[in-house]
Amino acid sequence: MNASVHILISQTCFKRPKAYIKVNNLLAPLLLFSWLCNVTLFAKAQWENRVPIRKGSRLFAPPVDPSLRGNLVKIDPDEQNLRASWRLVYIDAPYSISPTRGTFDDTWQWNLYRDVKAIHDLRVPITTMNSISDTESGSLYRVDDITLPPIAIFGQRSSKSVDTDITFTHHGANDALFQTLFGYPFDVWTSSVVFVLTDRITAERANLSNSFVVRIHSILTEYDKLRWDVSLNTTNTCEDPDPNAGCELHVDFLIRRSGPVKFAAMMAVIGNWTITFVIIYQTYRAVMRLPDHLSETNLILVCISALSIVSFLRSIIPGAPDHGVIIDLIGVIPNIMLISLCTIAIAVSGLTGTQAAKKQSNGYA
């Protein structure tokens, strides 16, 4: 099937096979070189970023350096949802990450809260807090809602993790090119989440619920880099000199399609328009009865094959959303309409030519 389609399209491209061979010999290496360059740049970027993204505080690290390691399990543009799985880790050096501090039962236990505000804990004097806790000044804060349960308790088991669903929105509300799904493959999303970590053991010892906030040293993330490009920006309010700034870790995500996905989408659009222009050119030759034009029967077969190829190229684009996005408006819908019109023109031309030939033969008879 593919071989027959290739032969039909190649016969319709140029009047002389030699011209087709020359253009094919030029385009094929060019497309191959472009793809190899794209893959090489992607592999180079992955090698440079082989260490997970690390963002967070470097000025005020607690004695045990608690950090969060997130795995972006699923990015769902249809549901506008980012699902991440978080674990507590400790960072001893840039390339040394451990799930515990060397013991099976960790000596530290932490409560993790999401989307809360850390405020000063005025339930007991500061001097009493300092005598109870050996942690830094961050433990002078508590969660604003003292009855709120944590989303996870870390430190009891090294394999403990918690999943979070984070809603994201499109970046640039007034720019259609970057709108979610509609701007595929150039759509951009933004999302944010706030984390607060407290010292569970010290809070229980002092009988102060949701108190003794500690700094989260950093955030490390892992995700599917073949399809997505995720930028991470963090703001640690624990470092803010303003005492009313609180002590939270604000995490902002900026999500884009990866380079290979954009390249594949653009190649599909270019391929669709190339097929369309070839069909239009050969339709013009057939309708105008130019010398050496293909028969209407062969052209109709080529048009039907081209319609299926255009739809096939649209379906194999990585992460392609439902129909109706901007890539359909510039590289699928107009192509299908033009090829369909060419098919109708070829059919009408063939029928008209057949009737004219019959009248001419009858006249001679």
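Here the structure is a predicted model, which is why all the values come from computation and not from measurement.

(A) Seen up close, the pattern of salt bridges. Summed over all chains, the structure comprises 8 salt bridges. As a salt-bridge pair, Arg83 and Asp165 come within 2.9 Å of each other at their nearest N and O atoms. Of this pair, Arg83 sits in strand E3 (residues 81-93) while Asp165 sits in strand E9 (residues 161-167), and the two are 82 residues apart along the sequence. Under the relative-accessibility criterion, Arg83 is labelled partly exposed at 38%. Residue Asp121 pairs with Arg142 through a salt bridge whose shortest N-O separation is 3.9 Å. Placement of Asp121 in the loop between strand E6 (118-120) and helix H3 (126-132) and of Arg142 in strand E7 (residues 141-143) is noted, with a sequence separation of 21 residues between them.

(B) Structural context of the pairing of strand E5 (residues 110-114). With 4 of 5 residues buried, E5 is to be regarded as a mostly interior element. When E5 meets strand E8 (residues 152-154), the two strands line up antiparallel, connected through 3 bridges. Following the sheet pairing, Trp110 is matched in E8 by Phe154. Direction of pairing for E5 relative to strand E11 (residues 188-199): antiparallel, over a ladder of 5 bridges. Looking across to E11, one finds that Arg114 is bridged to Phe195.

(C) Structural context of the confidence of the model for the chain. Per-chain confidence: the chain averages 75 in pLDDT, with 66% of residues scoring 70 or above. This model gives residues 50-63 a pLDDT under 50, and the stretch forms 42 contacts once residues within four places in sequence are excluded. Every residue in residues 133-139 scores below 50 in pLDDT, and together they form 20 contacts with partners more than four places removed in sequence or on other chains.

Here is what the cut-offs are and how they apply
- Residues numbered from 1 in each chain as written.
- Predicted model: local features only at pLDDT ≥ 70, side-chain atom pairs only at ≥ 80, totals over all residues.
- Heavy atoms only, no water.
- Salt bridge = Lys/Arg side-chain N within 4 Å of Asp/Glu carboxyl O.
- Helix = DSSP H or I, 4+ residues; strand = E, 2+ residues; numbered from the N terminus.
- Buried < 20%, exposed > 50% of the residue type's maximum accessible area, 1.4 Å probe, protein only.
- Pairing = 2+ DSSP bridges.
- pLDDT = per-residue confidence, 0-100.
- Contact = heavy atoms within 4.5 Å.

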